Amino acid sequence: MATETLFRETGALLAEFGIALSDGDLPVGSPIDGSRIAAVQRHDRADLDRMTAAAERAFIAWRSVPPPRRGELVRLFAEELRHHKQVLGRLVSIEAGKILEEGQGEVQEMIDICDFAVGLSRQLYGRVVASERPGHRMLETWHPLGPVGIITAFNFPVAVWSWNAAIALVCGDTLLWKPSDKTPLCALACNALFARAIDRFGGASEDLRRGLSQVAIGGPELGRALAADRRVPLVSATGSTRMGGTVAPVVAQRFGRAILELGGNNGMIVTQSADLDLAVRAILFAAVGTAGQRCTSLRRLFVHDSIADTLLARLQRAYAQVRIGDPLEPGTLVGPLIGEHAFTAMQQALAEARAEGAEVFGGERVLAERWPQAYYVRPALALMPAQNGLVQRETFAPILYVMRYRDLADAIATHNAVPQGLASSIFTTDLREAELFTAAEGSDCGIVNVNIGPSGAEIGGAFGGEKETGGGREAGSDSWKAYMRRMTTTINYSRDLPLSQGIRFAVDA
Ligand code: NAD
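Residues numbered from 1 in each chain as written. Predicted model: local features only at pLDDT ≥ 70, side-chain atom pairs only at ≥ 80, totals over all residues. Heavy atoms only, no water.

Here the focus is the site of the ligand. Neighbouring residues of the ligand: 27 residues in total, closest Thr 152, Lys 178, Ser 240, Leu 262 and Glu 394. Between the ligand and Gly 239 there is a distance of 3.4 Å, counted from an oxygen atom to a backbone nitrogen or oxygen. The contact in question runs from a nitrogen atom of the ligand to an N or O atom on the backbone of Leu 262, over 2.8 Å. The fraction of the free accessible surface of the ligand (850 Å²) that becomes covered by protein chains is 91%. Taken together, the elements giving at least two residues each to the shell around the ligand come down to helix H9 (220-228) and helix H10 (241-253). For the shell around the ligand, the class distribution of residues is 12 nonpolar, 11 polar and 4 charged. (Near = heavy atom within 4 Å. Polar contact = N/O pair within 3.5 Å; in protein donor to acceptor, adjacent residues only side chain to side chain. Areas by Shrake-Rupley, 256 points an atom, 1.4 Å probe, with all protein chains shown as cover. Helix = DSSP H or I, 4+ residues; strand = E, 2+ residues; numbered from the N terminus. Nonpolar A, V, L, I, M, F, W, Y, C, P; charged D, E, K, R; others polar.)

Right under this line is the structure:
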């Protein structure tokens, strides 16, 4: 696609959301060709301060709206998303460089979490607890928390916000979103659709219109300010472990809550009994899809020695067939890296791998003549002699480190011997191996799959990882509890005042 066409198309897509940008101070580029596709206005700390005050005011109104009615707003938002799936998905592709199929997939994920949240809006169940005191009833209820700060990464520019937003909204919270400064257009588009849903919701006060969902555009400095603000009881931050290491202590120091969704270094074990047809397809999608720029991308492959040569030969054949190019063209499987920085990091990692004695296939830059300002690479396979320091780091690019193993227990131990703990998988047809991997002595990750790659989670489960991945959980299951405050209430309906633990404490009065 020609640069001028991309610029014009972005303007036309934004118009579909009712967004007309005047020139701002933050240029937005497309990784497809490295060109400028728009410029947006950056917010400063004073803007964020005003937004936070508006989010607080909106919270006062929103927390009293009955949860099923809140769910109705999320249902209307999902309708907007359904109507705009193609255009929003395309904008994701242009701004983040994902292939069309994956851009659309992100919007589908938004729709899915909205549907989940609508159902949840009638199921924010508390519990009744057996009281030890006669004539007493004890119960737990869940109440809205307040404004939720949502910091998101470039690589999932819409879905990750929606995991937080849909759930937080039905829980009665308001939203302050600081998207990646690499993908502000997607955020503005989502918020424009949300504003339409509010219009159709009917009866929303001015406070709700202004403060229910807001987008703050800026870089790390704005994220830091959000993390430090006492008016924001929950900060849900998605991004690198480096970012989480800064955000976590800032939130903790003011006794706020944090959901941290940080870097992964995801592994797969392919055992002797694995169905290799399935394994090859799963490896390809997980290691090469999204140009290796998913938090759940497959980065470490442990293959049983007896099948390693066969699997590697098949993988090399599969890698050779992958079409790299314009993510907007049908048939493309691998789009660009987000930018030069990602390309440099990938080349440094490969040089380090070679220096460590690895045999490397692929990894070189391609299509540089067609797009000198963009960074397309051939996905790399690096046959590593061991899991050294390099392999223990997340390099956010399509590099798959391959290692051989003989003993499954050793492979699991090596698999777990990295600082991150996001996603993992095993390919096996042996029940014992599968059960071992998912048992307490198996994988130490938050996501542990059998005969499925580590990436591409469904929204129904809780998503997140252990160790340096941050320990947060988002999306389905009971993740909603993090977005609410828990209240324990004991009601005495007797004519006496028995104390718990049988304590006697009385005077004659
Ligand atoms: P990044 O850490 O550079 O930025 C992520 C977000 O944090 C951006 O909005 C950025 O402006 C903000 N930020 C950066 N430093 C900050 C600071 N000190 N204080 C406050 N905010 C700060 O990450 P990225 O390059 O956009 O995304 C790639 C990374 O995100 C990878 O490490 C990937 O694994 C991770 N990621 C994790 C998940 C997950 O669910 N675990 C999902 C997507 C991406």
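Next, the rest of the story.
Attention shifts here to a nonpolar patch on the surface. Taken together, the side chains of Leu 497, Leu 499, Ile 503 and Phe 505 present a nonpolar region at the surface, about 470 Å² in accessible area. If you trace the backbone, Ile 503 turns up in the segment after strand E23 (484-492). (Patch = residues over 30% accessible without salt bridge, like charges linked within 9 Å, V, L, I, M, F, W, Y side chains within 5 Å. Salt bridge = Lys/Arg side-chain N within 4 Å of Asp/Glu carboxyl O.)

This paragraph deals with the pairing of strand E9 (residues 257-261). Bridge count for strand E8 (residues 234-238) against E9 is 5 bridges, and the pairing is parallel. Along E9, the bridge assignment pairs Ser 236 with Ile 259. (Pairing = 2+ DSSP bridges.)

The subject of this paragraph is the side chain of Ser 297. One can find Ser 297 in the loop between helix H11 (276-288) and strand E11 (298-304). Only 3.4 Å separates the side chain of Ser 297 from the backbone oxygen of Gly 292, close enough to count as a polar contact. Contacts of Ser 297, omitting those with residues within four sequence positions, involve Asn 266, Ala 286, Gly 289 and Gly 292. (Contact = heavy atoms within 4.5 Å.)

For the rest of this paragraph, the subject is the sheet that holds E11. With mixed pairing, 7 strands are arranged side by side in an open sheet as E12-E15-E16-E11-E10-E18-E19. Each edge of the open sheet is held by one strand with a lone partner, namely strand E12 (359-361) and strand E19 (447-450). Here the strands of the sheet are splayed against their neighbours by 20° on average, with no regard to which way each runs. Of the pairings in the sheet, the one linking E11 to strand E16 (residues 399-405) comprises 5 bridges and is parallel in character. The partner of Leu 301 across the bridge, within E16, is Val 402. With respect to the sheet, helix H13 (residues 340-355) is in contact with E12, strand E15 (380-383) and E16, its orientation differing from that of E16 by roughly 25°. (Axes fitted to C-alpha atoms, helices over the stretch in contact; angles between N-to-C directions.)

The next subject is the pattern of salt bridges. Under the criterion given, the structure shown has 27 salt bridges. Residue Glu 9 pairs with Arg 90 through a salt bridge whose shortest N-O separation is 2.3 Å. One end of the pair, Glu 9, is in helix H1 (residues 3-16); the other, Arg 90, is in helix H4 (residues 85-96), and 81 residues separate them in sequence. Of the residues examined, Glu 9 reaches a relative accessible area of 17% and is grouped as buried. A relative accessible area of 23% places Arg 90 in the partly exposed class. Of the charged contacts, one joins Lys 467 and Asp 444 as a salt bridge, the two residues approaching to 2.7 Å between their closest N and O atoms. (Buried < 20%, exposed > 50% of the residue type's maximum accessible area, 1.4 Å probe, protein only.)

Turning our attention to the packing of aromatic side chains. Tallied over the entire structure, the rule returns 9 aromatic pairs. Pairing Trp 62 with Phe 201 gives two aromatic rings, centres 6.2 Å apart and planes at 65°, and the pair type is edge-to-face. Residue Trp 62 is found in helix H2 (residues 45-62), and its partner Phe 201 is found in helix H7 (residues 184-201); the two are separated by 139 residues along the sequence. On the basis of relative accessibility, which here comes to 0%, the residue Trp 62 falls in the buried class. On the numbers, 5.3 Å between centres and 70° between planes, the contact of Trp 142 with Trp 480 is edge-to-face. In this pair, Trp 142 is assigned in strand E4 (residues 136-144) and Trp 480 in the loop between strand E22 (474-475) and E23, connecting sequence segments 338 residues apart. Here the two residues Trp 142 and Trp 480 agree in accessibility, since each one is buried. Feature note: the residues Phe 77, Trp 161, Trp 177 and Phe 194 constitute an aromatic cluster, connected by ring pairs. Of note, Arg 69 hangs over the ring of Phe 201, and the distance from its end group to the ring centre comes to 3.9 Å. Cation over ring: Lys 98 sits above Phe 156, and NZ or CZ is 3.5 Å from the ring centre. (Phe/Tyr/Trp six-rings, centres within 6.5 Å; stacked < 30°, edge-to-face > 60°. Lys NZ or Arg CZ within 6 Å of the ring centre and 35° of its normal.)

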